[in-house]
Amino acid sequence: ASPRETISSDNVSVSYGRPYKKGRVIFGELEKYDKVWRTGANEATEITFKKDGTFAGKAVKAGTYTLFTIPTSGDWTVILNSELKQWGAYNYDKIKDKNVLEAKVPSKKLDAVVEQLTISLSASAMTIAWDQTEVTIPMKF
């Protein structure tokens, strides 16, 4: 099972499916490098900005977006798309013209394994951690 969780901070909320590693190699195998990922399980992750700000150094308007990522071994492309209620990333090619933001952010290898996909929020960043990979996306409001 991949339970759905919603987390919130003063300016952002994120709703995402939380799959488990279960002994699998996640990035590069289960989630292929250079392929669009729904950044979670089942229904694609949705992120709501409660006011205008910046995400990954780029301007973003208040509103709700689908969050996609393209993992690679060194950095990730973070994508915000205005088409909501996507199941996975299966129809991404049909909706990519609705991208409102694309930015690259570095990834880092963790010493410890994160068993369940975890997205966390601070006042200045959103962090995605799973398996032995972590990506931090700066935010300003």
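Residues numbered from 1 in each chain as written. Predicted model: local features only at pLDDT ≥ 70, side-chain atom pairs only at ≥ 80, totals over all residues. Heavy atoms only, no water.

Quick look at the sheet that holds strand β1 (residues 4-8)
Part 1 of the reasoning: One open sheet accounts for 9 strands, arranged β1-β2-β3-β6-β7-β8-β9-β4-β5; its pairing is antiparallel. Across the chains shown, the open sheet's two edge strands, defined by having one partner strand only, are β1 and β5 (58-60). Averaged over neighbouring strand pairs, the angle between their axes works out to 35° when direction is ignored.
Part 2 of the reasoning: As paired strands, strand β4 (residues 53-55) and strand β9 (residues 125-140) are joined by 2 bridges and run antiparallel to one another. If you follow F55 over to β9, its bridge partner there is M139. (Pairing = 2+ DSSP bridges. Helix = DSSP H or I, 4+ residues; strand = E, 2+ residues; numbered from the N terminus. Axes fitted to C-alpha atoms, helices over the stretch in contact; angles between N-to-C directions.)

As for the pairing of β1
Part 1 of the reasoning: The pairing of β1 with strand β2 (residues 12-17) spans 5 bridges and is antiparallel. What sits directly across from E5, in β2, is Y16.
Part 2 of the reasoning: Between β1 and β2, which pair antiparallel in sequence order, lie 3 residues.

A closer look at the nonpolar core
Part 1 of the reasoning: Membership of the largest hydrophobic core comes to 28 residues, with the highest contact counts inside it found for V14, I47, F49, F55, L80, M126 and I137.
Part 2 of the reasoning: Residue assignment for this core shows that the elements contributing at least two residues are β2, β3 (46-49), β6 (63-71), β7 (75-81), β8 (99-121) and β9.
Part 3 of the reasoning: For this core, the element with the most residues is β9, which contributes 6 residues. (Core = buried A, V, L, I, M, F, W, Y, C linked by side-chain atoms within 4.5 Å. Buried < 20%, exposed > 50% of the residue type's maximum accessible area, 1.4 Å probe, protein only.)

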